[in-house]
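What follows is each chain in one-letter form.
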Amino acid sequence: MKKLFFASMTAWLFIANIGIAQTTPTKDERMHWWREARFGMFIHWGVYAQLAGAYDGHQQLKSGAEWIMNMNKIPVADYQAVAKQFNPVKFNADEWVLAAKNAGMKYIVITAKHHDGFALFKSDASKWNIVDATPYGKDILKQLAASCKKYGMRLGFYYSQAQDWNNGGSATWKKAADGWLRPDSAIIDAYTKAHKGHWDPVQTEKPFAEYIDKVAVPQVKELLTNYGDVSVLWWDTPTDMTPEFALKFQALLKLQPNIITNDRLERPDFPGDTKTPEQRIPKPSELDGIDWETCMTMNGTWGFRATDHNWKSTETLIHNLCDIASKGGNYLLNVGPKADGTFPDESITRLKEIGDWMKVNSEAIYATKRSPLPLVDWGRCTEKDNDNNTTLYLEVFNWPKDGKLVVPAVPNGVISATLIGNNGKVIAKNQGSTVELTLPATAPNAYASVVKLVVTGKVVDATAK
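A brief look at the structure comes next.

This part takes up the overall build of the protein chain. Counting its regular elements, the protein chain contains 13 helices and 16 strands. Relative to the compact-globule value of 23 Å for 465 residues, the protein chain shows a C-alpha radius of gyration of 25 Å, a close match. In terms of overall dimensions, the protein chain has a C-alpha envelope of 80 × 70 × 40 Å along the principal axes. Here the protein chain, with 465 residues, has 54% of them falling under the buried criterion. Considering only intrachain contacts with a sequence separation of at least 6, the fraction spanning at least 24 residues in the protein chain is 71%. Positive and negative side-chain charges in the protein chain, numbering 53 and 51 respectively, have mean positions lying 3 Å apart.

Here the focus is the side chain of Lys113. Among the secondary structure elements, Lys113 is positioned in strand E4 (residues 107-113). Here Lys113 falls in the buried class, since its relative accessible area comes to 0%. Lys113 has contacts with Phe118, Ala119, Tyr158, Tyr159, Ser160, Gln163, Asp164, Tyr211 and Gln219, leaving out every residue within four places of it along the chain.

Another aspect to go through is the pairing of strand E8 (residues 293-296). Moving residue by residue along a regular strand, the side chains alternate between the two faces of the sheet. Here E8 shows no split at all, with Glu293 and Cys295 on one side and Thr294 and Met296 on the other all buried. Across 4 bridges, E8 lies against strand E9 (residues 330-335) in parallel orientation. Each bridged residue has a counterpart across the sheet, and for Met296 the counterpart in E9 is Leu333. This β-α-β element, E8 to helix H12 (residues 314-326) to E9, shows right-handed connectivity.

Attention shifts here to the pattern of salt bridges. Where charged atoms from two side chains of opposite charge come close, those side chains can pair. For the structure on display, the rule yields 22 salt bridges. Each of Lys369, Glu383, Asp385 and Lys458 takes part in salt bridges that share partners, so that together they form one network.

Attention now goes to the packing of aromatic side chains. Using the criterion set out here, one finds 22 aromatic pairs in the structure. Taking the centre distance of 5.1 Å and the plane angle of 70° together, the rings of Phe118 and Trp128 count as edge-to-face. With Phe118 in the loop between E4 and helix H7 (130-133) and Trp128 in the loop between E4 and H7, this residue pair connects regions lying 10 residues apart in the sequence. For the pair formed by Phe118 and Trp128, the shared burial category is buried. Taking the centre distance of 5.8 Å and the plane angle of 15° together, the rings of Tyr158 and Trp234 count as stacked. Here Tyr158, found in strand E5 (residues 154-159), pairs with Trp234, found in strand E6 (residues 232-235); they are 76 residues apart in sequence, far enough to count as distant. No difference in accessibility class separates Tyr158 from Trp234, as the two residues are buried. Ring-pair connections join several aromatic residues into one group, and the members of that group are Trp45, Tyr79, Phe86, Phe91, Trp96, Phe118, Trp128 and Phe343. In this structure, Lys73 is placed above the aromatic ring of Trp199, and the distance from its NZ or CZ to the ring centre is 5.1 Å.

Cis geometry is adopted by the peptide bond preceding Pro268, which originates at Arg267 and carries an omega value of 10°. One can find Pro268 in the loop between strand E7 (260-261) and E8. Positive phi outside glycine occurs at Ala367, with the angle close to 55°. Mapped onto the secondary structure, Ala367 falls in the loop between helix H13 (345-361) and strand E10 (379-386). In this model, Asp387 sits at a positive phi of 55°, which is unusual for a non-glycine residue. If you trace the backbone, Asp387 turns up in the loop between E10 and strand E11 (389-396). A residue is classified by how much of its surface remains accessible, and Asp387, at 82% relative accessible area, is exposed.

Okay, the pairing of E10 next. Relative to E11, E10 runs antiparallel, the two being bridged by 8 bridges. Paired with Thr382 across the bridge in E11 is Tyr393. Hairpin geometry of E10 and E11 is characterised by an intervening segment of 2 residues between the two adjacent antiparallel strands and by a positive phi of about 55° at Asp387.

Reading the values: rules and limits
- Residues numbered from 1 in each chain as written.
- Predicted model: local features only at pLDDT ≥ 70, side-chain atom pairs only at ≥ 80, totals over all residues.
- Heavy atoms only, no water.
- Helix = DSSP H or I, 4+ residues; strand = E, 2+ residues; numbered from the N terminus.
- Rg over C-alpha atoms; globule rule 2.2 N^0.38 Å.
- Buried < 20%, exposed > 50% of the residue type's maximum accessible area, 1.4 Å probe, protein only.
- Contact = heavy atoms within 4.5 Å.
- Lys, Arg positive; Asp, Glu negative; His and termini not counted.
- Charge placed at Lys NZ, Arg CZ, Asp CG, Glu CD.
- Pairing = 2+ DSSP bridges.
- Right-handed = clockwise from strand over helix to strand, strands pointing away.
- Salt bridge = Lys/Arg side-chain N within 4 Å of Asp/Glu carboxyl O.
- Phe/Tyr/Trp six-rings, centres within 6.5 Å; stacked < 30°, edge-to-face > 60°.
- Lys NZ or Arg CZ within 6 Å of the ring centre and 35° of its normal.

On their own, these measurements won't tell you what the molecule is for.
So, in structure tokens, the structure goes:
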């Protein structure tokens, strides 16, 4: 009996070591929660929040505030000195997670390390991290991971695998010194051009391969090992990346077999699981059946900038969410926290207002599929299949003045039509290949009112017509 037990254990260990297809989740299995989520929070935060878009008395002229070190060509030593002032004593992980959860978001992706190389976690691979380089001295990601687990929020990490302006040897984009008008711009431009975009000799003291092997790969291993379940790994800017380097990162993914990755590790050989249109929503003609996620700022910058007041309205943000869901994508909406660890008031207000809308209308977003309708001028549409019937959620942006709303390309018989969160009467009738709705005189919601239309059978896809 004992002999049989050990033989069985040996066989089990062998199978566990080599892996078998049945124990490896398929892409559809890994993507299931993500496809149902539709809405997540991006968080860009780091030392750059301390500068808030200004350096040495000069406002940054170009790009997002998180690029200030590059745009203003701040020397490594000077930028690292800024970290000595970075002490986010008002950071509260529970508040962040609840802000996302109450807004209706299902996952958070935070900049574990952005292009400035600053890690929001304790790292043995580089002292340039929040524990060792700041007076705050605590691991942000550990706190955030604990809160995400507490409130049922999925957590993902953004990691800049190639660009890292503080850990020597890494890549950088070949940008001129155009962050602000400085008297030595010509000198810096010449140096930058001659050194592949670097502006400080410290940045080129080591080869790129050494940075990959001694900083980036070990840090990604730390992220995938020390923080529990990691749902997303969000790579960025694959400058100078090669398939050989990418394979070193790819090998680490076995530490989190359910993880989802994007298309920015290395191009074109490592497409990942999701496409990442940035600051824009794709046109229907651009959609090719591959999972995609639009990442977008609430104002003009990813990282916090004190002078950026170009905030999108709550109406625009809700319309974006509906538009993206109607095309089968996810919306990763960014917050750039302030240096003290709090969200800007404008972000908090918008998140609450989106949350109020989602509390009533979330069934029109979660677990929906893209619209089968041609483009309509009254709003957007999402779909759910229910056994032998189809539910169409009509997100009405422009409430008809005459109360008549025409739903094109739906010859299916009407089962029911109701207003979500409202008892107002809706009359629906088939008119040839369309459904005509008679709606109440007043829209129930100022941003987008949702009509739930249930019809018989499957609605034929008419988006290409």
